[in-house]
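Listed here are the chains, written in short residue letters.
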Amino acid sequence: MSRDEIAKSRFARWLLDRARVAGYDLTTHDTEARILILAAIALAGGLDEATTASVAKGLAVTPQELTEAYIHEMRQRLLEELLGHPDLERLDRQLDAIAHAD
């Protein structure tokens, strides 16, 4: 996932909004970079419990709110990546052929 894709993700935008509301200075490169790194990690495979608790506290949200903010987008990206794998595409075509065989 490229930096631009991460920056345009719904979760990164949510993080930026929550950080702004929590009073973080979003004009610094350091803050933006940290948000993009956090978004990339979350969207690539989720956040562990300790990270979730720490980030949620820093953003003044619950761990559940934080998880709900990224989980759907993370799952969608992982599913698209999985379904785009050449071997799985080939298997899908074979299963379709079997299902439609007389």
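Our subject is the structure that appears above.
Residues numbered from 1 in each chain as written. Predicted model: local features only at pLDDT ≥ 70, side-chain atom pairs only at ≥ 80, totals over all residues. Heavy atoms only, no water.

A. Here's a closer look at the overall build of the chain. Of the regular secondary structure elements, the chain holds six helices and zero strands. Ordered by position in the sequence, the α and β elements of the chain form the string α-α-α-α-α-α. Computed over C-alpha atoms, the radius of gyration of the chain comes to 18 Å, more than 25% over the 13 Å expected from 2.2 N^0.38 for 102 residues, which places it beyond the range of a compact globule. Along the three orthogonal principal directions, the C-alpha set of the chain runs to about 65 × 25 × 20 Å. The proportion of buried residues among the 102 residues of the chain is 25%. Summarising the internal contacts of the chain: among those between residues at least 6 apart in sequence, 63% fall at separations of at least 24. Per element, the accessible surface of the chain, about 7100 Å² overall, is 55% carbon and sulfur. Positive and negative side-chain charges of the chain, numbering 12 and 18 respectively, have mean locations separated by a distance of 6 Å. (Helix = DSSP H or I, 4+ residues; strand = E, 2+ residues; numbered from the N terminus. Rg over C-alpha atoms; globule rule 2.2 N^0.38 Å. Buried < 20%, exposed > 50% of the residue type's maximum accessible area, 1.4 Å probe, protein only. Contact = heavy atoms within 4.5 Å. Areas by Shrake-Rupley, 256 points an atom, 1.4 Å probe, with all protein chains shown as cover. Lys, Arg positive; Asp, Glu negative; His and termini not counted. Charge placed at Lys NZ, Arg CZ, Asp CG, Glu CD.)

B. The arrangement of the environment of Leu66 in detail. Structurally, the position occupied by Leu66 is in helix α5 (residues 63-83). For the pair formed by Leu66 and Leu47, sequence separation is 19 residues and the distance between their alpha carbons is 9.6 Å. When residues no more than four places from it in sequence are discounted, the contact partners of Leu66 are Phe11, Trp14, Leu15, Leu47, Thr52, Val55, Ala56 and Val61.

C. Structural detail: the nonpolar core. Core analysis: the largest hydrophobic core is formed by 20 residues, its most contacted members being Phe11, Leu15, Ala39, Leu47, Leu59, Leu66 and Tyr70. Element by element, the count of residues in this core is highest for helix α3 (residues 29-45), at six residues. If near-sequence neighbours (up to four positions away) are discounted, Ala39 is found in contact with Ile6, Phe11, Ala12 and Leu15. (Core = buried A, V, L, I, M, F, W, Y, C linked by side-chain atoms within 4.5 Å.)

D. Fine view of the pattern of salt bridges. Applying the stated rule across the entire model yields five salt bridges. Across the pair Arg3 and Glu32 runs a salt bridge, and its minimum N-O distance is 3.7 Å. Within this pair, whereas Arg3 is found in helix α1 (residues 3-8), its partner Glu32 is found in helix α3, the two being separated by 29 residues in sequence. Asp17 is paired through a salt bridge with Arg20; the nearest N and O atoms lie 2.5 Å apart. (Salt bridge = Lys/Arg side-chain N within 4 Å of Asp/Glu carboxyl O.)

E. Layout of a nonpolar patch on the surface. Among the surface-exposed residues, Leu79, Leu82 and Leu83 lie close enough to one another that they form a single nonpolar patch of about 280 Å² accessible area. Under the relative-accessibility criterion, Leu83 is labelled partly exposed at 48%. (Patch = residues over 30% accessible without salt bridge, like charges linked within 9 Å, V, L, I, M, F, W, Y side chains within 5 Å.)

F. Molecular detail of unusual backbone geometry. With a phi angle near 60°, Ala60 is a residue other than glycine that sits in the positive phi range. By relative accessible area, Ala60 is classed as exposed at 62%.

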